[in-house]
Amino acid sequence: MKPELDDLAGSAGEWLRGTGPESDVVISSRVRLARNLDGYPFLTQAAPKQRAEVEALARERIEGNKLGKGMNVLYLALKDLNPIERLFLVERHLISREHAAGDADRGVAVGKREALSIMVNEEDHLRIQVLRSGLQLQEAWDEISKIDDALDRSLTYAFSPQFGYLTACPTNVGTGMRISVMLHLPAVVMTKTLDKILHSLQRINFTVRGLYGEGTQATGDFYQISNQVSLGKSEEELVQEMQGVVPEIAKYEKTWREKLLKEKRTWLEDKVWRAVGTLKNARTISSDETLELLSLLRLGVNLGVVDGVDQRVLNELFVSTQPGHLQKHEHKILEAADRDAVRAAYIRKRLGA
Amino acid sequence: MHLTEIEHQNVRKEIHLCDECAKTKGINFKVPLAEILSGVIEVTGRGLKDLAELKCPKCGITYAEFRQRTRLGCPHDYVVFRGGLLPLLEKIHGATQHRGKAPATFASAARARETKEHALETLEKELDRLVKAEEYEKAAEVRDRIRQLKEPAE
């Protein structure tokens, strides 16, 4: 086990703080920029030697670069990490599933409090991301732009005045920017009004995905919405568009929460308290059931139905009960059945049962 | 919009167009005509087969391979496959022109362009004034300076 990863495991990431504007509905704000180095092919066409060169160059510049105050990074070469450690990084949203599954020379630079990560040799040479708790898009954009400027001073990006930052996939070209906001929408899901939101979002070219990005199922009533367009609009415009949409969805969710509380209070309280009962007493529990019940508990806490549970502990549980985290915590590979027992014990402990 | 042409010292031709008329006359200053044409020629004139066989001399992938994998091979593909990419980008993004930030080196080049454009604008106003005042000799001098400024970019 890499000792550096234990430091990460010991504390929760910035985005799990459960603070920031709209944090009862908005879990986190994320901005990522795709960048490639001039003079090298994209990764699908890069020879092993070129891949290694890109990684070495990027690593040197990222580590040696002054990315800003308090921006010291920890660089992890993926070939040094075992499957559990890679899964652990995926669950913390520091690398993508594709990056974890990939071979050859790849890495990730992780910033302090996990608010910054730079994937090296994923689909593009660099994928820079900044994560913030709650709805903080402007702050995330300001920060990532400064980091991007700092890297621009020591690396030459592939850029064209017409097409902007050149990327391996034409869906990312231009700004190379993808903004993703993670939302917790339990009331909208309960009242089966999600389709309305999905339709209106698709009409304005926003995509909706599950907890862990592309192709994943929405679990625990978490939805991630992102911009689809990256070319033809400035970064500020893209931020403004998302900033305009998210509070509307949050308002919609909150309206349904209040409505449920007013019109179906007993039914809602029963659901929430049953979730608490299971979480505090189960001896074995799957990861899907955990997410479902934690989602109900989070709703209960936000509506004041349940008190005495810290929002931060709750947010952390969503991540720390995932398979990679449990196995990392136990320092061994666990079969699914064993994981379910370990998970149940861990939840009981964290919830003070 | 004002277009002024001085063919000889005493012959001048002025065209005044509002944005609307400019559009109906097919003059669109936002997207250079050549750019649109090159896209159309790539797709229709030379045919889809030729497009599919286009090969990037730098990374070696063909346009057909790109369409199959949906990933480009290197930054130079954006130049080589331009004809095929323009309609594709229009479909994905509803745009073909970047409007966001640029690396510092490009940003300063863009600033230099702006300075030049500013100089051109000033000279063109001066030219307009001189022509109206019928000071054709001086107007011709200013016209030559405008030509000089425009030259290296083309």
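The structure we're discussing is the one just above.
Because the structure is predicted, anything quoted here is derived from the model rather than measured.

Draft legend 1. Fine view of the packing of helix α8 (residues 235–263) of chain A against helix α9 (residues 265–281) of chain A. Residue and element names in this part refer to chain A. One can describe the packing of α8 onto α9 by two numbers: an axis separation of 5 Å at closest approach and a directional angle of 105 degrees. The angle between the axes of α8 and α9 places the two elements in the roughly perpendicular class. From α8, Leu-260, Leu-261 and Glu-263 reach across to α9, where they touch Arg-265, Trp-267 and Leu-268. Partitioning the contact of α8 with α9 into residue classes produces 4 nonpolar, no polar and 2 charged.

Draft legend 2. Spotlight on the packing of aromatic side chains. As enumerated under the stated definition, the model contains 9 aromatic pairs over all chains in all. Taking 4.8 Å as the distance between ring centres and 90 degrees as the angle between the ring planes, the aromatic pair formed by Phe-222 of chain A and Phe-318 of chain A counts as edge-to-face. Remark: Phe-318 of chain A occurs in helix α11 (residues 311–320) and Phe-222 of chain A occurs in strand β10 (residues 222–227); sequence separation between them is 96 residues. Judged by its relative accessible area of 6%, Phe-318 of chain A falls in the buried class. For the pair Tyr-252 of chain A and Trp-256 of chain A, a centre-to-centre distance of 6.4 Å together with 85 degrees between the ring planes defines the contact as edge-to-face. Separated by 4 residues within a single helix, Tyr-252 of chain A and Trp-256 of chain A lie in helix α8, roughly one turn from each other. The partly exposed category is assigned to Trp-256 of chain A, whose relative accessible area is 22%. Among the aromatic residues, those joined into a cluster by ring pairs are Tyr-157, Phe-159 and Tyr-165 of chain A together with Phe-106 of chain B. A cation over an aromatic ring shows up here: Arg-35 of chain A above the ring of Tyr-157 of chain A, its NZ or CZ 5.6 Å from the ring centre.

Draft legend 3. Quick look at empty space enclosed by the protein. All names here are of chain A. As enumerated under the stated definition, the model contains 4 cavities of 30 Å³ or more in all. Mapped onto the lining of the second largest cavity, the elements with two or more residues apiece are β1 (26–35) and β8 (177–184). Examining the composition of the lining of the second largest cavity, we find that 3 residues originate from one element, β8, more than from any other. Here the lining of the second largest cavity is built from residues that sort into 4 nonpolar, 4 polar and 1 charged.

Rules and cut-offs
Residues numbered from 1 in each chain as written. Chains lettered and ligands numbered in written order. Predicted model: local features only at pLDDT ≥ 70, side-chain atom pairs only at ≥ 80, totals over all residues. Heavy atoms only, no water. Axes fitted to C-alpha atoms, helices over the stretch in contact; angles between N-to-C directions. Helix = DSSP H or I, 4+ residues; strand = E, 2+ residues; numbered from the N terminus. Parallel < 35°, antiparallel > 145°, perpendicular 65-115°, else oblique. Contact = heavy atoms within 4.5 Å. Nonpolar A, V, L, I, M, F, W, Y, C, P; charged D, E, K, R; others polar. Phe/Tyr/Trp six-rings, centres within 6.5 Å; stacked < 30°, edge-to-face > 60°. Buried < 20%, exposed > 50% of the residue type's maximum accessible area, 1.4 Å probe, protein only. Lys NZ or Arg CZ within 6 Å of the ring centre and 35° of its normal. 1 Å grid on protein atoms, 1.4 Å probe; cavity = no way out; pocket = protein on both sides within 12 Å on 5 of 7 lines; lining within 4 Å. Points joined across faces, edges and corners; volume = space filled by probe spheres on them.

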